[in-house]
2 protein chains.
Amino acid sequence: MIGVIRVFTTEREEIVEQHGKVITDLYGVKTVNKCIPDQPLGIFNDETEEIAVPKIVELGKSMEKEGCSILVISCAADPAINELRKEVSIPVIGAGSAAALTALAIGEPVGVLGITDNPPAVIKNLLGDLLAGYASPEGVANTTDLMTPAGREKGIEAARSLLNQGAKVIVFACTGFSTIGLADVLRRELNVPIIDAVEAEGLFASSLYKQSASSVVQ
Amino acid sequence: MIGVIRVFTTEREEIVEQHGKVITDLYGVKTVNKCIPDQPLGIFNDETEEIAVPKIVELGKSMEKEGCSILVISCAADPAINELRKEVSIPVIGAGSAAALTALAIGEPVGVLGITDNPPAVIKNLLGDLLAGYASPEGVANTTDLMTPAGREKGIEAARSLLNQGAKVIVFACTGFSTIGLADVLRRELNVPIIDAVEAEGLFASSLYKQSASSVVQ
């Protein structure tokens, strides 16, 4: 079982399970999805990230005890990833590093699409010289804003601006783009690979999960 | 279609298609597999790599023309990867970078298993500080030597030596290990993730292929 850590708080099961559903639909592996407590607005600055770190570590430890064999921190900033890796004995994949590493496998200049002012440090650091540019959809403060036709147009516009800056690959630096299906919209509109952060974390996690499952069976 | 470039010469179809078969069996995507000409011993030092570069570029260009939408250079040294990327308009994945990047997604110290004296530069450079050690099976000069029970034992021994050096993940720096199924042997023997270079190139290539195929269909 892949454990998906959601770094915000909600009681709504269908929202908690959104990322896991993307992973299950795409890679055919089961997931269990859990939220950190008492943080309905999630992580949106340094202070809220700091508060979330011990919660992510505790949640990850409990998910390992409950039988998860792989953990995913499903946020493009990879919050608490080093802290959690020290505390568990199973692999921990982060959405941000997974997306950046997938882009690096293509080896071409990367445009990063996010909703914050700057790309997450983990993505910026991994991409290094291959980072061609960063953009966020105009007037979009959260992914709900993207779910309107006008918001979607802004997403496409921002991605096009990255191509104009020399990008040959687009990486999402926000997992909220996954739940609104922006990747498939851009794949129809633009002729470049689109790296969705939830799809990328699922790619590595499902691959690791399948190998650990096959070694138990054999 | 994923085009798999084999960096040696053989007339034997079942050998040419070995890596593509691993990718098809694991990820359910079709491949076409081709060899570079006039190099039956493949790449085994700087000189033979230099001779191979223009051949790999020409082969990749012709495979793009024949309809491949992704290319894979199926050698852990990623020979000619930058040269080929400049000459084609489709993504080019290398076995060595794919394997190293997959290991980086786990973020733990990596032991590299090869058959040469040193790890390929691309793997060493990507792993950086996470490279915990390098080992090659004792007395094994080529992968044929590994196909005997004694050779297989040497492979397991070398992998164990990497764990003793602190590795928590093993990366194969030779695609020859794939065709003899060493990954599954080690997965049964050792309780750490094993990154097979052909499986890793296939992971990225098949993911990209599926997204390009889905964007055409929709």
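Residues numbered from 1 in each chain as written. Chains lettered and ligands numbered in written order. Predicted model: local features only at pLDDT ≥ 70, side-chain atom pairs only at ≥ 80, totals over all residues. Heavy atoms only, no water.

Draft legend 1. Just the packing of helix H5 (residues 95–106) of chain A against helix H5 (residues 95–106) of chain B, in detail. Interaxial distance between H5 of chain A and H5 of chain B falls to 10 Å at its minimum, and their mutual angle equals 170 degrees. Comparing the axis directions of H5 of chain A and H5 of chain B gives the class roughly antiparallel. Along its contact with H5 of chain A, which presents Leu101, Leu104 and Ala105 of chain A, the element H5 of chain B presents Leu101, Leu104 and Ala105 of chain B. A class-by-class count of the residues in the contact of H5 of chain A with H5 of chain B yields six nonpolar, no polar and no charged. (Axes fitted to C-alpha atoms, helices over the stretch in contact; angles between N-to-C directions. Helix = DSSP H or I, 4+ residues; strand = E, 2+ residues; numbered from the N terminus. Parallel < 35°, antiparallel > 145°, perpendicular 65-115°, else oblique. Contact = heavy atoms within 4.5 Å. Nonpolar A, V, L, I, M, F, W, Y, C, P; charged D, E, K, R; others polar.)

Draft legend 2. Molecular detail of the interface of chain B and chain A. If you look at the interface, chain B gives 24 residues, while chain A gives 24 residues. For the pair chain B and chain A, the two sides together bury roughly 2,300 Å², of which 61% comes from carbon and sulfur. Here chain B and chain A share zero salt bridges between them. Counting every contact that joins chain B to chain A gives eight residue pairs in polar contact (both at pLDDT 80 or more). Secondary-structure elements contributing two or more residues to the side of chain B that touches chain A are strand S4 (92–94), H5, helix H10 (182–189) and helix H11 (197–217) of chain B. Element by element, the count of residues in the side of chain B that touches chain A is highest for H11 of chain B, at six residues. In the side of chain B that touches chain A, the residues fall into 13 nonpolar, six polar and five charged. (Buried area = accessible area lost by both parts, 1.4 Å probe. Salt bridge = Lys/Arg side-chain N within 4 Å of Asp/Glu carboxyl O. Polar contact = N/O pair within 3.5 Å; in protein donor to acceptor, adjacent residues only side chain to side chain.)

Draft legend 3. Seen up close, helix H8 (residues 149–164) of chain B. Residues and elements named next belong to chain B. An ideal rise of 1.5 Å per residue puts 22 Å on 16 residues; H8 measures up with 23 Å between its terminal C-alpha atoms. Of the positions making up H8, those classed as buried are Gly151, Gly155, Ile156, Ala158, Ala159 and Leu162. Down the axis, H8 shows its buried residues gathered within 160 degrees of arc, on one side only. Away from its buried face by more than 90 degrees, H8 exposes Pro149, Ala150 and Asn164. Positive phi shows up at Gly166, right after H8, with a value of about 105 degrees. (Expected span 1.5 Å × (residues − 1). Buried < 20%, exposed > 50% of the residue type's maximum accessible area, 1.4 Å probe, protein only. Arc of directions from axis to C-beta.)

Draft legend 4. Molecular detail of the nonpolar core. Ile93 of chain A together with Ile93 of chain B are the most contacted members of the largest nonpolar core, which has 68 residues in total. Apart from residues no more than four positions distant in its own chain, Ile93 of chain B is found in contact with Ala105 and Ile106 of chain A together with Ile70, Leu71, Val72, Ile73, Ile81, Ala98, Glu201, Phe204, Ala205 and Leu208 of chain B. (Core = buried A, V, L, I, M, F, W, Y, C linked by side-chain atoms within 4.5 Å.)

Draft legend 5. Local environment of the domain arrangement of chain A. Residues and elements named next belong to chain A. Structurally, chain A comprises domain 1 (2–95 + 199–217) and domain 2 (96–197). Opposite the 15 residues of domain 1 that make contact, domain 2 presents 18 residues. Of the roughly 1,200 Å² buried between domain 1 and domain 2, counting both surfaces, carbon and sulfur atoms make up 55%. For domain 1, the biggest contributors to the area lost against domain 2 are Ala76, Ala95 and Glu199; these three give 42% of the whole. Linking domain 1 to domain 2 there are one salt bridge. When residues of the side of domain 1 that touches domain 2 are traced back to their parent elements, those giving at least two are helix H2 (18–27), strand S4 (92–94) and helix H11 (197–217). If one sorts the elements of the side of domain 1 that touches domain 2 by residue count, H11 sits on top with four residues. Here the residues of the side of domain 1 that touches domain 2 sort into eight nonpolar, four polar and three charged. (Domains from an automatic or database assignment.)

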